[in-house]
Each structure stands twice: as C-alpha cells, then as structure tokens.
Amino acid sequence: MYQLAPNIELLFTEAGDYHDRVRAAAGAGFTAVEMWGPTGADAPAQPKDLPALKAALEETGTQLTAQLSEPRTQFMIPPWDHSEFFRKLDEGVAIAQDLGCPRIVVGSGTGFGGWKRQVQLDKLIEIYQKAIAQIDGSGITLALEPVNVRVDHPGSLLDRTAEAVYVARGVDSPFFGVLYDIYHSAVEGEDMAAELANAGDLVAYVQLADAPGRGEPGAGSLDWAERLGILRASGYDGPIGLEYYPTVASAASVALIRDLAATA
C-alpha cells in the first residue's frame, strides 16, 4: 500500500487556508500532504502561516512529505549567480526541519542556449555538491525534479529522467536523489519501466497526475493500475505526491488512485 500525499496547493482548497487543507486531507483519511514553496514566495502560491501549518500537521498527525526550494533559481542563465539559492537554502532546511519534512524539491531552471548541454548538466552537479555540503548533517534530502518542456515548462534545462539521474550520480550523496513525476515523464514520452530501472535507488520521491491534462487519475488516458505496478516492481516504496489539478471536488478526485494504491 502506497502512502499518498495530496498537494495542498491544488487539493482540498475548498477548505480554505493551508492549515485547514491539512485538516481536510486528514479528515478524508490521508496521513500525509505535500506543498510547494514553504513561505509562498514563488507565485502563484499565497503566503503561508507556518506556525498554523505546523499546528495542523501536529494536531492531525499528518506527515509533510515534500516542499519546494525557494527561490526557483534560474541556474543556467549568465552570470550564473546562485547566491540567492544558497542563501535561502538554509532557511528552507530550517523550515523543513521544523515542519518534520524530510525532502526539499529542487530543479534546474531554464537552460542557456550559449552553452553545450553537457556543460550545463555538469554545472548542476557542481551546484548541488556545494548545496549538499552546505546542509550536511541536516538530515534533509534534496530531490531533483526533471519536468516536461512540451506542455508545462518550456525552456527548462532538465526534461529527461536519465539526465536527472546523471546529475544525481555525479553529486553522489545519500541525501541527493531524483523526483520521478509520472505525469512529466509520460508527457515526454518516456518508458516508465526503463527510466525507473536506470534510476534504481536514486528515486527519492514520486509524484503523479494523469496525462493529458494534468488532472486526477482517471481524467486522462494513463493506465494507473499498470503505472503503480511498474512503480512497485521498481522497488520504490516511498510516498507518492498527488500533484494534479482536480477536475472535480478534491474528495471525489482521489477515489480512483486511493483504491489502486491500497493494493499496489
């Protein structure tokens, strides 16, 4: 049985503010949630009342499985100034520790056409080796997310799972891995079984949405019994973030994936 973590930016918004969404998710039977930026500094997220959020998590016994790094630095655009990312990293780690969140999701930013792709991938390795050294001893894992460029993130450097795996292997830390998003991978036309086999134990987190459309499982054309079977066969047994735009009420949107995850 997989632990599912609704994304409280997108799900249970009917309940009101973020802390109320945590309570609504818990009331619907979920033991975990995920979110985007911890302070809401990245649009379109609204500012978060972190003490209220912490209280809701503790009150309901809900695990926060992942949060995004802030800011979503554009690493590959000259002059390649990453100082703000590194400055905010410590703040993000402190928030994650306070909220009991074990993962921070990081990205690549927009690629720069004036440099070879390999140079940029190797630059990412350097950036994240430095980041891991900076947060050494924190217990927080950084999960690198490749995203699709065909629909949602045109211009992003990292759009292939295998390249995220290459970076993770280069960083070479037990506290650095890959976020495998079933939706982004499907939109890019990847073979899920092959990508997960190549990634092995570097998969630090998984998210999902249906494709096309990025709605809830059942709203698109993916076979979710098959997808969860592939995920289980890969050896991944961690939580799965539900990062989709529901086309129906939140409680109704989770029905199919909850049933399938219970036996996967």
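Residues numbered from 1 in each chain as written. Predicted model: local features only at pLDDT ≥ 70, side-chain atom pairs only at ≥ 80, totals over all residues. Heavy atoms only, no water.

Summing up its helical and strand segments, the protein has ten helices and nine strands in all. Taking 18 Å as the expected radius of gyration for a compact globule of 264 residues, we find that the protein reaches 17 Å, a close match to that expectation. Taking the principal axes of its C-alpha atoms as reference, the protein extends roughly 50 × 40 × 30 Å. The buried share of the protein, taken over its 264 residues, is 53%. Taking the contacts inside the protein whose residues are at least 6 apart along the sequence as the reference set, 79% of them involve residues at least 24 apart. Within the structure as shown, the protein displays about 10,700 Å² of accessible surface, and the carbon and sulfur contribution to it stands at 53%. Each charge sign in the protein was given a centre, from 19 positive and 36 negative side chains, and these centres are 3 Å apart. (Helix = DSSP H or I, 4+ residues; strand = E, 2+ residues; numbered from the N terminus. Rg over C-alpha atoms; globule rule 2.2 N^0.38 Å. Buried < 20%, exposed > 50% of the residue type's maximum accessible area, 1.4 Å probe, protein only. Contact = heavy atoms within 4.5 Å. Areas by Shrake-Rupley, 256 points an atom, 1.4 Å probe, with all protein chains shown as cover. Lys, Arg positive; Asp, Glu negative; His and termini not counted. Charge placed at Lys NZ, Arg CZ, Asp CG, Glu CD.)

A separate point is the pairing of strand 8 (residues 203-208). With six of six residues buried, strand 8 lies mostly within the body of the structure. Pairing geometry for strand 7 (residues 176-181) and strand 8, over four bridges, is parallel. Following the sheet pairing, Tyr180 is matched in strand 8 by Val206. One ladder, built from three bridges, connects strand 8 with strand 9 (residues 240-242); its direction is parallel. (Pairing = 2+ DSSP bridges.)

The next thing to look at is the packing of helix 5 (residues 161-171) against helix 7 (residues 192-199). Contact geometry of helix 5 with helix 7 gives a least axis separation of 10 Å together with a crossing angle of 5°. By the criterion of interaxial angle, the relationship of helix 5 to helix 7 is roughly parallel. Where helix 5 abuts helix 7, its residues Thr161, Ala162, Val165 and Arg169 lie against Glu195, Asn198 and Ala199. Of the residues in the contact of helix 5 with helix 7, the class split is three nonpolar, two polar and two charged. (Axes fitted to C-alpha atoms, helices over the stretch in contact; angles between N-to-C directions. Parallel < 35°, antiparallel > 145°, perpendicular 65-115°, else oblique. Nonpolar A, V, L, I, M, F, W, Y, C, P; charged D, E, K, R; others polar.)

Once that is clear, we can look at the sheet that holds strand 7. If you trace the seven strands from one edge of the open sheet to the other, you get 1-9-8-7-6-5-4, paired in parallel fashion. A single partner strand is all that each edge strand has here, and the edge strands are strand 1 (4-6) and strand 4 (67-68). As defined by bridge partners, strand 4 adjoins strand 5 (residues 103-106) across two bridges and the pair is classed as parallel. Following the sheet pairing, Gln67 is matched in strand 5 by Ile104. Together, strand 5, strand 6 (141-144) and strand 7 form the strand contacts of helix 4 (residues 117-134), whose direction differs from that of strand 6 by roughly 160°.

So, on to the nonpolar core. In this structure, Phe85, Tyr128, Leu142, Phe176, Leu231, Ile240 and Leu242 are the most contacted members of the largest nonpolar core, which totals 84 residues. If we ignore the near neighbours within four places in the chain, the residues touching Tyr128 are Phe75, Phe85, Val106, Gly107, Leu142, Leu144, Val171 and Phe176. (Core = buried A, V, L, I, M, F, W, Y, C linked by side-chain atoms within 4.5 Å.)

Along helix 1 (residues 18-27), the residues that are buried comprise Tyr18, His19, Arg21, Val22 and Ala25. Within helix 1, the buried residues cover an arc of 155° as seen down the axis, which keeps them to one side. Tucked into the core, helix 1 has its buried residues touching strand 2 (32-33) and helix 2 (50-60). Taken from the residues just after helix 1, Gly29 is the one with a positive phi, measuring 100°. (Arc of directions from axis to C-beta.)

What follows covers the environment of Leu99. Locating Leu99 in the fold gives a position in helix 3 (residues 83-99). The exposure class assigned to Leu99 is buried, which follows from its relative accessible area of 8%. For the pair Leu99 and Glu243, spaced 144 residues apart in sequence, the C-alpha to C-alpha distance is 20 Å. The residues contacting Leu99, other than those within four sequence positions of it, are Met35, Leu50, Leu53, Lys54, Leu57, Leu64 and Gln67.

A word on the environment of Ala26. Structurally, the position occupied by Ala26 is in helix 1. Judged by relative accessible area, which is 22%, Ala26 ranks as partly exposed. C-alpha separation for the pair Ala26 and Glu226, spaced 200 residues apart in sequence, amounts to 27 Å.

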